[in-house]
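Next come the chains, spelled out residue by residue.
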Amino acid sequence: MNMTNRQLFNALLDGEPTGPAGQILWAARLDVWYRQLKATDTLPEKYAGMSLNQIHKAMEIGFPQKSDEKNRLFKPEINGVRQYEERDGDNLHRYFETPFGTVYDTYHVDAYRAANRLSFATTHIGYRLKGEKDFKPVRYILENTTYVPYYDDYYAYEEEIGDDGLAFIFTANDPFSTVMRDYAGIEQFCYLLADYPELVDGLIGALAEKMEAELQPIMFGCPARVAHHGGHYDSMVTSPPLFEKYILPYLQRFSGELHGMGKFLALHTDADSRLIMGLLEGAGMDMAECFCTAPMVGVTLEQALDCWGDRVIIWGGVPSIILCPDSCSYGDFVDYMSAAIALIRSRKCRVILGVSDNVMPETDITRLEKITDMVNEANRLRYD
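Residues numbered from 1 in each chain as written. Predicted model: local features only at pLDDT ≥ 70, side-chain atom pairs only at ≥ 80, totals over all residues. Heavy atoms only, no water.

Colleague: Can you help me understand the side chain of Thr293 in this one?
Modeller: Along the chain, Thr293 falls in the loop between strand 11 (287–291) and helix 12 (301–308). Classification of Thr293 by relative accessible area gives buried; the value is 0%. Contacts of Thr293, omitting those with residues within four sequence positions, involve Val299, Thr300, Leu301, Gly317, Pro319 and Tyr336. (Helix = DSSP H or I, 4+ residues; strand = E, 2+ residues; numbered from the N terminus. Buried < 20%, exposed > 50% of the residue type's maximum accessible area, 1.4 Å probe, protein only. Contact = heavy atoms within 4.5 Å.)

This is the structure:
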């Protein structure tokens, strides 16, 4: 008898394999595809009028670990800082006025996408940490931020997906990635690290202390089995030396606490991880979520299995572009999926088939249906 998706998720966490005799779980994120086609009234006729949940069930695709709309585990409150916003055409400036000066972030807002609740409606284009003078106000902001637990989203999503999936918890990226991506932007961060290494190190260290003292306990207090804390690691951007110095120690401490509670660490691996795969496992990663493979990046599913074996759960292996007719012929798509399923069946491994990162609006939906058919056939044949 086949297990439910929730049972499969839990079995994988408990060490049960997907190959060669185990049941393959197929779960993917349809949010971006669904919202775009619904807003433009271009959903395939058979799915028109269905909710996202109903489409998941109709297509026999398990739910992802989180919803784009249900993703909070805390509410930040900033004390002693005056906050205000100003609009400049399509740009929104968000200001933070502190005793040490004022800093601001800039966002480009796509009015159409925002009105239709589409993904990527708001793009972060300017960052609060622009130069040396901004370190004090930025540090003041983080030191005066309070994290207020908010578990409602987790409980709501856990109830919503039921036996069709397993909800994880998600809060924020690790301190290094937060400073790089959210405070400075990648390009400016590189200049700041070269010019003011002590200030950068101090800011990252202060944020790590803050997260460990106040944010991590909120994550530990949630009953979810899997914590999603960090991701978007790339072999070039978060190169091995940077990862080893700034990210590895923090994640090792965090995963050590998780593992002591019988919980698991998932990292969002939707970038090119070919040079840092060993470091990801060394950080205590139990699941490579949204794992991206060739031809989108320079690592294959087979290489990942060679590296991680069955020690790490791999969730992904279906690059989103092979679902798009403009990028991949139907024949090549079928060949890819046939080879991927055969590979999973030939190895002692723990793999959840999923699309990295999202099923995009350009997807030929019949290809998703074909994956469902292929997975069902593979699961049926495992008894023969």
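Colleague: It is not clear to me how the sheet that holds strand 3 (residues 82–88) should be interpreted in this structure. Could you clarify?
Modeller: In any sheet, the strands associate via hydrogen bonds between backbone groups, in a parallel or an antiparallel arrangement. An order of 3-4-5-6 is seen for the 4 strands of this open sheet, with the pairing classed as antiparallel. Pairing within the sheet leaves two strands with one partner each, and these edge strands are strand 3 and strand 6 (122–126). Between one strand and the next, the sheet's axes are offset by a mean angle of 30 degrees, whatever the strand orientation. As paired strands, strand 3 and strand 4 (residues 91–98) are joined by 7 bridges and run antiparallel to one another. (Pairing = 2+ DSSP bridges. Axes fitted to C-alpha atoms, helices over the stretch in contact; angles between N-to-C directions.)

Colleague: Even after reading the chapter, I still don't get the sheet that holds strand 11, so can you show me in this structure?
Modeller: Spatial strand order, 1-13-12-11-10-9-8: 7 strands in an open sheet with parallel pairing. Strands with a single pairing partner mark the edges of an open sheet, and in this sheet they are strand 1 (25–26) and strand 8 (169–170). Note that strand 12 (residues 313–319) and strand 13 (residues 351–356) share 6 bridges and pair parallel. Across the sheet, the residue bridging to Gly316 is Leu353, located in strand 13.

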